[in-house]
Amino acid sequence: MIMRVMGEGQFQVGESHLNRLNELDDDLLKAVESGDGERFKAALDALLGAVKEFGDPLPDETLEPSDLILPDAEATIDEVREMLRTEGDGLIPGLPE
C-alpha cells in the first residue's frame, strides 16, 4: 500500500503492518474526539513515525497513485478532524475480512 505523508513524500507499506497502523489510527481518532491537543500531537507523531519506520520511501521522481493520504506532522487537530470526516472511520482503512 502506498501512503503519502503530506509534504514528505510517499512510502510503500506492507499489509503486514496495517494492523499496527490501524491501532495507531484509532488512538489518533480518540485523541481528536477528546480535543486534547497534547494527546493528539503524540498520536499523530506515533502514526507518522510508524509509517516511516515500516514503509520504504519512494524516490521523489517516482509518482505513484497514493492509496492513502496522511497529514503532515504540523497538521492541527482541526485539520485532521476535517480529514477524518471525509474519510469516515479513521485515516487508515481496516483489512478486508
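Chemist: Looking at this model, I keep getting lost on the overall build of the protein. Mind explaining?
Modeler: When you go through the protein residue by residue, the secondary structure sums to 3 helices and 4 strands. Secondary structure elements of the protein, listed N to C terminal, follow the sequence β-β-α-α-β-β-α. For 97 residues, the compact-globule estimate of 2.2 N^0.38 gives 13 Å, and the C-alpha radius of gyration of the protein, at 13 Å, lies within 12% of that figure. Dimensions along the principal axes, computed over C-alpha positions, put the protein at roughly 35 × 30 × 25 Å. The buried share of the protein, taken over its 97 residues, is 37%. Looking at the protein as shown, the accessible area adds up to about 5,700 Å², and 48% of this sits on carbon and sulfur atoms.

Chemist: Hey, could you run me through the sheet that holds strand β2 (residues 9-12) in this one?
Modeler: The pairing of strands in a sheet comes from backbone hydrogen bonds and takes either a parallel or an antiparallel form. An order of β3-β2-β1-β4 is seen for the 4 strands of this open sheet, with the pairing classed as mixed. In this open sheet, the two strands that pair with only one neighbour each are β3 (56-57) and β4 (68-70).

Chemist: How do you make sense of helix α2 (residues 37-54) when you look at a structure like this?
Modeler: An α-helix turns once per 3.6 residues; consequently, residues spaced three or four apart project the same way. For α2, built from 18 residues, the straight-helix expectation of 26 Å at 1.5 Å per residue is met to within 8% by its first-to-last C-alpha distance of 26 Å. Of all the residues in α2, the buried ones are Phe40, Ala43, Leu44, Leu47, Leu48, Ala50 and Val51. Here the buried residues of α2 occupy an arc of 155° about the axis, which is enough to place them on one side. Every exposed residue of α2 that faces more than 90 degrees away from the buried side is listed here: Glu38 and Glu53.

Reading guide: rules and limits
- Residues numbered from 1 in each chain as written.
- Predicted model: local features only at pLDDT ≥ 70, side-chain atom pairs only at ≥ 80, totals over all residues.
- Heavy atoms only, no water.
- Helix = DSSP H or I, 4+ residues; strand = E, 2+ residues; numbered from the N terminus.
- Rg over C-alpha atoms; globule rule 2.2 N^0.38 Å.
- Buried < 20%, exposed > 50% of the residue type's maximum accessible area, 1.4 Å probe, protein only.
- Areas by Shrake-Rupley, 256 points an atom, 1.4 Å probe, with all protein chains shown as cover.
- Pairing = 2+ DSSP bridges.
- Expected span 1.5 Å × (residues − 1).
- Arc of directions from axis to C-beta.

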